[in-house]
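Chains, contacts and geometry: an overview
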Amino acid sequence: MFSNAIVRTPCKNMVSGITTSTLGSPNYDLAIVQHERYIATLESCGVSVTVLDKEEDYPDSTFVEDTALITPECAILTNPGALSRKGEVDSIRDALAEHYSELEEIKAPGTLDAGDVMMVANHYYIGLSARTNPEGAKQLIAILEAHGLSGSTVAMGSILHLKTGLSYLENNSLIIASGFLQEAQFKSFDQISIPDEESYAANAIWVNSKVIVAAGFPTSQAAIELAGHETLALNMSEFQKLDGGLSCLSLRF
Ligand code: CIR
């Protein structure tokens, strides 16, 4: 169960955020409305949400998930793979210091975006992406093992982050995009397969027995419900324009 979440209000400079999408520039006012609904939905699931001030120096700073990995045993600050995002970690350090007396850290030359890390009970799957390098993954596995946890790496194709294509919904239930269907590490999960034309729907979040999904992907939402999950759908259009999904917008613990 999650009691807390940390989010950050999008900054106006989000329009200069990193993206590979061809969906156009985000509408800032609409992004703020979507972000407020995201917060309200987390709160409706019983989560207390800390909202950090926007940081105009960091266009992608609303995607707080990438800056830290929070486990039940420890919190780990990352060294984000994109140069323009490294400075986002400083204020997350301050926010997490209120909850954790000791913070672990991924250090250069290791890089890691926590969007590449998927927690399944005590095990952490780490995607080797353009943002997360083998050294970053190695450091993370060493930190996890020091705290009685474990990690393994996952080869990735062209998607941004591991959790762009995978979402764990507890009780062995796994949303999976087609690019991961052949991966041996995921064969034993109860898979909810996402059609390629709805690939954005592969990023969803389990929050206290509800699953928050992106609105507008009816086949995927129906498949998630058929697997026994109660869904809450949110319009994410302005964050999708920056390659960001539901998980990216919060740190949940
Ligand atoms: C980036 O490219 O870093 C941002 N525009 C999107 C980050 C999305 N975060 C995530 O998937 N965890």
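Overview of the structure.

About the thresholds
Residues numbered from 1 in each chain as written. Predicted model: local features only at pLDDT ≥ 70, side-chain atom pairs only at ≥ 80, totals over all residues. Heavy atoms only, no water. Helix = DSSP H or I, 4+ residues; strand = E, 2+ residues; numbered from the N terminus. Rg over C-alpha atoms; globule rule 2.2 N^0.38 Å. Buried < 20%, exposed > 50% of the residue type's maximum accessible area, 1.4 Å probe, protein only. Contact = heavy atoms within 4.5 Å. Areas by Shrake-Rupley, 256 points an atom, 1.4 Å probe, with all protein chains shown as cover. Lys, Arg positive; Asp, Glu negative; His and termini not counted. Charge placed at Lys NZ, Arg CZ, Asp CG, Glu CD. Pairing = 2+ DSSP bridges. Axes fitted to C-alpha atoms, helices over the stretch in contact; angles between N-to-C directions. 1 Å grid on protein atoms, 1.4 Å probe; cavity = no way out; pocket = protein on both sides within 12 Å on 5 of 7 lines; lining within 4 Å. Points joined across faces, edges and corners; volume = space filled by probe spheres on them. Nonpolar A, V, L, I, M, F, W, Y, C, P; charged D, E, K, R; others polar.

**A look at the overall build of the chain**
- Each helix and strand counted, the chain has five helices and 15 strands in total.
- In summary, the chain has a C-alpha radius of gyration of 17 Å against a globular reference of 18 Å for 253 residues, a match within 12%.
- Within the chain, the proportion of its 253 residues that are buried is 55%.
- In the chain, the proportion of contacts linking residues at least 24 apart, taken out of those at least 6 apart, comes to 68%.
- A total accessible area of about 10,800 Å² is found for the chain, and carbon and sulfur atoms account for 50% of it.
- Between the averaged position of the 15 positive side-chain charges in the chain and that of its 32 negative side-chain charges there is a distance of 3 Å.

**Let's talk about the sheet that holds strand S7 (residues 123-128)**
- Sheet architecture is open: three strands sit in the order S6-S7-S8, paired in mixed fashion. Every other strand in the sheet has two partners, leaving strand S6 (117-120) and strand S8 (150-155) as the edge strands with one partner each. Within the sheet, the average angular offset between the axes of one strand and its neighbour, ignoring direction, is 25°.
- Pairing between S7 and S8: six bridges, direction parallel. Bridging from a neighbouring strand, Gly-127 pairs with Val-154 of S8.

**Quick word on empty space enclosed by the protein**
- Within this structure, the stated rule accounts for one cavity of 30 Å³ or more.
- Approximately 390 Å³ is the volume attributed to the largest cavity.
- Every residue lining the largest cavity is counted, 22 residues in all, and those nearest its centre are Phe-2, Glu-65, Met-119, Lys-163 and Arg-252.
- Breaking the lining of the largest cavity down by element, the ones donating at least two residues are strand S3 (68-70), S6, strand S9 (166-168), strand S12 (205-207) and strand S15 (251-252).
- The class makeup of the residues in the lining of the largest cavity is 15 nonpolar, three polar and four charged.

These results come straight from atomic positions and should not be treated as a statement about function.
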